[in-house]
Amino acid sequence: MTWSRHGPPPGRRGYHHGNLREALIRATLDLIAERGLSGFTFAEAARAAGVSSAAPYRHYRDRQALIADVAREGFELFAAALERAWNGGRPTPLAAFENMGRAHLAFARNEPAYFSAMFEAGIPPDSEPEFAAAADQAFGILRSAVETVCAGLPLKSRPPVLMMSLHIWALSHGIAALFGRGDAGRRKLPMSPEELLESAVLIYLGGLGLGDSASPPSG
């Protein structure tokens, strides 16, 4: 976990009035990093945050709701990383698209606790509206980028934007989850995850007729 960006260093944290929710999120991230997603209870998260076992119920109905809030925060950070990488499609849509793939891998590598909460907790999206909204926001950034990239193709040759977005999302996430993560779940590769993703995306885009010069039409 890269705590320098998102909070204090790992370890036991005391609860300060008005910051219970944040203290619980930080403590839960520590526990996920140390024990895995299923390696602690709701009460243990409370103790790690330095509060009573009853205190979390002020914000969360149960452990799943706490994990969903961690995942919600993770998706918000993930969306911001994708937005920065896309950079309005600069310097070219395809170059920016490749940068988004690298950002996906970097997030999995640098934020494994968030990554686990976001993608491995089995949270039903319709049960946690804030979590669902944050996840949709991240996917929406990818979908907007795909739409811009597809604009470089003749109208009759453009693939469905949603289908292509789902393909790219699945490809990027699969490589990140298997080979790019920053915890013990990472598999070894004879090349870097970035190289694997870049080649896979290039093959995919090449099959659609998209080359390095693809850019949205003027006017």
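Our subject is the structure listed above.
Now for a description of the structure that goes with this document.

Moving on, we get to unusual backbone geometry. Following R90, the chain continues to P91 via a peptide bond in cis, the omega torsion being 5°. Mapping P91 onto the fold places it in the loop between α4 (63–86) and α5 (93–110).

Going through the model one piece at a time under the given rule, you end up with 13 salt bridges. Of the charged contacts in the structure, one is a salt bridge between E130 and R21, with a shortest N-O distance of 3.2 Å. Taken together, the positions of E130 in helix α7 (residues 129–150) and R21 in helix α2 (residues 20–35) put the pair 109 residues apart, joining distant regions of the chain. Judged by its relative accessible area of 33%, R21 falls in the partly exposed class. Notably, a salt bridge pairs R109 with E194, separated by 3.0 Å at the nearest N-O pair. Taken as a pair, R109 in helix α5 and E194 in helix α9 (residues 193–207) lie far apart in primary sequence, 85 residues in all. By sharing partners, the salt bridges in this structure join R21, D69, R72, E76 and E130 into a single network.

The rules we used
Residues numbered from 1 in each chain as written. Predicted model: local features only at pLDDT ≥ 70, side-chain atom pairs only at ≥ 80, totals over all residues. Heavy atoms only, no water. Helix = DSSP H or I, 4+ residues; strand = E, 2+ residues; numbered from the N terminus. Salt bridge = Lys/Arg side-chain N within 4 Å of Asp/Glu carboxyl O. Buried < 20%, exposed > 50% of the residue type's maximum accessible area, 1.4 Å probe, protein only.

Geometric descriptors of this kind do not, in isolation, establish any biological role.
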